[in-house]
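Structural characterization, general
Now for the letters of each chain:
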Amino acid sequence: MPAAAAAGILAGLLLTAIPLWRLRRALHTALHHAHHDDTTGLPNRRAFLAAVDDTHHSGRAFGLILLDLDEFKQINDRHGHDAGNQLLTAIGHRLTGLPRPVLLAARLSGDEFALLVDGGADATSQAAQLAATAITATPVTLADGSAVTVDASVGYTTSRLGVATRDLLGEADTAMYRAKRGAGRIYRYQPASAAAEPPTGRCRDRR
């Protein structure tokens, strides 16, 4: 084949490959945005539920933890929306850095985060304590130099035979709001009584 003809064919192949490469990159970007939170970069609710479903179907014991930042609206109002996003990102990094038994950290919405834990009640209780400590251990320094102390209300539950993923998430949500309403910093959902109870030694007044 003449060199000129070969060069023409190669040029044509390159021209057709460039749009395909761009299409693949655009698809990868779209998939990432569909499963990750724009502010923190953490997996979003959709990705978290998919991971929980996969774990549930595997038959392994697991726990779900929900965390809601206390007085986030006041912090956001006082320091501004950008500072609020910085705070959410910083908390997301702290939760992502948690060791096992935490398998996954996600931002569900607003100032609400979630953790997927490998193991039963003991492992989930341990993870809840670790998460609460990570959030409150040191103030978060914002871009304007302000140091903000953050606390969180934490609720959790553990997997049980016959309980669907969405129901488990609802249980953790119930426990979290029991904590937020003043019953204790960390609350455990009790399926036998359909109520949440605080782990020993962690209940405190949040008024």
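The rules behind the values
- Residues numbered from 1 in each chain as written.
- Predicted model: local features only at pLDDT ≥ 70, side-chain atom pairs only at ≥ 80, totals over all residues.
- Heavy atoms only, no water.
- Helix = DSSP H or I, 4+ residues; strand = E, 2+ residues; numbered from the N terminus.
- Buried < 20%, exposed > 50% of the residue type's maximum accessible area, 1.4 Å probe, protein only.
- Contact = heavy atoms within 4.5 Å.
- Areas by Shrake-Rupley, 256 points an atom, 1.4 Å probe, with all protein chains shown as cover.
- Salt bridge = Lys/Arg side-chain N within 4 Å of Asp/Glu carboxyl O.
- Pairing = 2+ DSSP bridges.
- pLDDT = per-residue confidence, 0-100.
- Polar contact = N/O pair within 3.5 Å; in protein donor to acceptor, adjacent residues only side chain to side chain.
- Axes fitted to C-alpha atoms, helices over the stretch in contact; angles between N-to-C directions.
- Parallel < 35°, antiparallel > 145°, perpendicular 65-115°, else oblique.
- Left-handed = near helix turned anticlockwise from the far one by under 90°.
- Expected span 1.5 Å × (residues − 1).
- Core = buried A, V, L, I, M, F, W, Y, C linked by side-chain atoms within 4.5 Å.

**Describing the overall build of the chain**
Counting its secondary structure elements, the chain contains 6 helices and 8 strands. The order of α-helices and β-strands along the chain, N terminus first, is α-α-β-α-α-β-β-α-β-β-β-α-β-β. Burial status across the chain gives 42% buried among its 207 residues. Within the chain, counting contacts between residues at least 6 apart in sequence, those at least 24 apart form 62% of the total. For the chain, the computed accessible surface area is about 11,000 Å², with 57% contributed by carbon and sulfur atoms.

**Brief notes about the pattern of salt bridges**
Under the defined criterion, the tally for this structure stands at 9 salt bridges. Here Arg 166 makes a salt bridge to Asp 53, at a shortest N to O gap of 3.1 Å. Of the two residues, Arg 166 sits in helix 6 (residues 165-183) while Asp 53 sits in helix 2 (residues 45-58), which places them 113 residues apart along the sequence. Relative accessible area serves as the criterion here: at 51%, Arg 166 is assigned to the exposed category. Connected through salt bridges with shared partners, the residues Arg 60, Arg 100 and Asp 118 form a single ionic network.

**Regarding the pairing of strand 2 (residues 102-109)**
Here strand 2 pairs with strand 3 (residues 112-118) via 6 bridges, running antiparallel. Of the residues in strand 3, the one forming a bridge with Arg 107 is Phe 113. The antiparallel pairing of strand 2 with strand 3 creates a hairpin that spans 2 residues between the two strands, and Gly 110 there sits at a positive phi of about 50 degrees.

**Brief notes about unusual backbone geometry**
With an omega dihedral of 25 degrees, the bond running from Arg 100 to Pro 101 counts as a cis peptide bond. Mapped onto the elements, Pro 101 comes out in the loop between helix 4 (81-96) and strand 2. With a phi angle near 60 degrees, Glu 71 is a residue other than glycine that sits in the positive phi range.

**Considerations on the confidence of the model for the chain**
Confidence in the prediction for the chain averages 85 pLDDT; 76% of positions are at 70 or higher. Below pLDDT 50 for its whole length, residues 200-207 participates in 20 contacts with residues either more than four positions away or in separate chains.

**Points about the side chain of Glu 171**
Mapped onto the fold, Glu 171 is located in helix 6. On the basis of relative accessibility, which here comes to 9%, the residue Glu 171 falls in the buried class. Side-chain polar atoms of Glu 171 contact the side chain of Arg 160, separated by 2.5 Å.

**Points about the packing of helix 4 against helix 5 (residues 121-136)**
If you want to describe how two helices pack, look at the angle between their axes and the distance between the axes. Taken N-terminus to C-terminus, the directions of helix 4 and helix 5 make an angle of 140 degrees; their axes are 9 Å apart at the nearest point. Here helix 4 is positioned oblique relative to helix 5, judged by the angle of their axes. Judged by the sense of rotation from one axis to the other, the crossing of helix 4 with helix 5 is right-handed. Facing helix 4, whose interface residues are Ile 91, Arg 94 and Leu 95, helix 5 presents Ala 131, Ala 134 and Ile 135.

**Describing helix 5**
Spanning 16 residues, helix 5 covers 23 Å between terminal C-alpha atoms, matching the ideal 22 Å at 1.5 Å per step. Those residues of helix 5 not exposed but buried are Ala 123, Thr 124, Ser 125, Ala 127, Ala 128, Gln 129, Ala 131, Ala 132 and Ile 135. Contacts made by the buried residues of helix 5 are with strand 1 (62-69), helix 4, strand 2, strand 3, strand 6 (152-158) and strand 7 (186-190).

**Side note on the nonpolar core**
Judged by nonpolar contacts, the single largest core of 32 residues is most densely connected at Ile 65, Leu 67, Leu 69, Ile 91, Leu 95 and Leu 115. With residues near it in sequence (within four places) discarded, Leu 69 still touches Leu 88, Ile 91, Asp 111, Phe 113, Ile 135, Val 150, Asp 151, Ala 152 and Lys 180. Within the second largest apolar cluster, 16 residues are counted, among which are Phe 62, Leu 116, Leu 169 and Ala 172.

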